[in-house]
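Spelled out from the first residue to the last, the chains are:
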Amino acid sequence: MQPCDHDVTALPVAVPNQFRKYTPEQAGVVRQCPICFRVASGGSDPVSPQVITDHYPSGEAGSGVVLLFYLLDSIASNRSEIQQLVSELEHAGVDVFSTLSRINRDPDINPAIDLDRRIRHLEQFL
Ligand SMILES: [Zn+2]
């Protein structure tokens, strides 16, 4: 995913071990732009994912949803990883579709990806 014009405001989030396989270069920290939700690897002094948006679930599951945005950049290339991550998140008690829908409806968030379309696509193959 390309860095965005909002990159100065991207917030670092720690990636728990079990989710590192979903990150670019198995990164231990990723940064997410709180406006367009683009994700890039690297960063220091991680904050809670809920600092990016309080739609994120608390704790490690929140980092999992951040990584979902990284994978959703290309459903075609990341399909099996997306299936696996969503299943892990649901197992942890996260309602992934309701979280994505709340983010999609938030007027302060303007996702770089077409989130409407991604959600419809996910509903078909999950
Ligand atoms: Zn941005």
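One structure accompanies this document, and this report is about it. Since the structure is predicted, the reported quantities are computational estimates derived from the model, not experimental observations. Going along each chain's sequence as written, the residues are numbered from 1 onward. Per-residue local features are limited, in this predicted model, to residues with pLDDT of at least 70; the limit for side-chain atom pairs, both in listing and counting, is 80 or more; totals at the level of whole chains, interfaces and linings are taken over all residues. The side-chain values count all of the structure's non-hydrogen atoms but skip hydrogen atoms and water molecules.

1. What about the overall build of the chain?
Spelled out, the test is: Numbering of helices and strands runs from the N terminus, with a helix taken as a DSSP run of H or I at least four residues long and a strand as a DSSP run of E at least two residues long. Put simply, the radius of gyration uses C-alpha atoms, and a globule should come to 2.2 Å times the residue count raised to 0.38. Exposed residues in this analysis have more than 50% of their type's maximum accessible area, buried residues have under 20%, and partly exposed residues fall in between, with area computed by a 1.4 Å probe over protein chains only.
Across its full length, the chain carries 5 helices and 3 strands. Counting from the amino terminus, the chain carries its helices and strands in the arrangement β-β-β-α-α-α-α-α. The C-alpha radius of gyration of the chain comes to 13 Å, within 12% of the 14 Å expected for a compact globule of 126 residues. With the C-alpha coordinates aligned to their principal axes, the bounding extent of the chain is approximately 35 × 30 × 25 Å. The buried share of the chain, taken over its 126 residues, is 44%.

2. Thoughts on the packing of aromatic side chains
The description of two aromatic rings rests on the distance between their centres and on the angle between their planes. As a reminder, the rule being used: Ring geometry is summarised as follows: Phe, Tyr and Trp rings, the Trp one being its six-membered ring, pair when their centres sit within 6.5 Å, and such pairs are stacked at plane angles under 30 degrees, edge-to-face over 60 and tilted between the two.
Inspection of the entire model under this criterion finds 3 aromatic pairs. When the centroid spacing of 6.4 Å and the interplanar angle of 40° are considered together, the rings of Phe19 and Tyr22 count as tilted. Pairing Phe37 with Tyr56 gives two aromatic rings, centres 5.9 Å apart and planes at 35°, and the pair type is tilted. Here Tyr56 lies in the loop between helix H1 (49–52) and helix H2 (60–71) and Phe37 lies in the loop between strand E2 (29–32) and strand E3 (39–41), a separation of 19 residues in the sequence. A residue is classified by how much of its surface remains accessible, and Phe37, at 1% relative accessible area, is buried.

3. Brief notes about the pattern of salt bridges
Pairs can form between side chains of opposite charge whenever their charged atoms are close. As a reminder of what qualifies: Salt-bridge detection follows one rule: a side-chain nitrogen of Lys or Arg within 4 Å of a carboxyl oxygen of Asp or Glu.
Under the defined criterion, the tally for this structure stands at 1 salt bridge. Here Lys21 ties to Glu88 by a salt bridge, and the two come within 3.6 Å at their closest N and O atoms. With a gap of 67 residues between them, Lys21 in the loop between strand E1 (11–14) and E2 and Glu88 in helix H3 (residues 75–91) connect regions that are remote in the sequence. When its relative accessible area of 44% is taken as the criterion, Lys21 is described as partly exposed.

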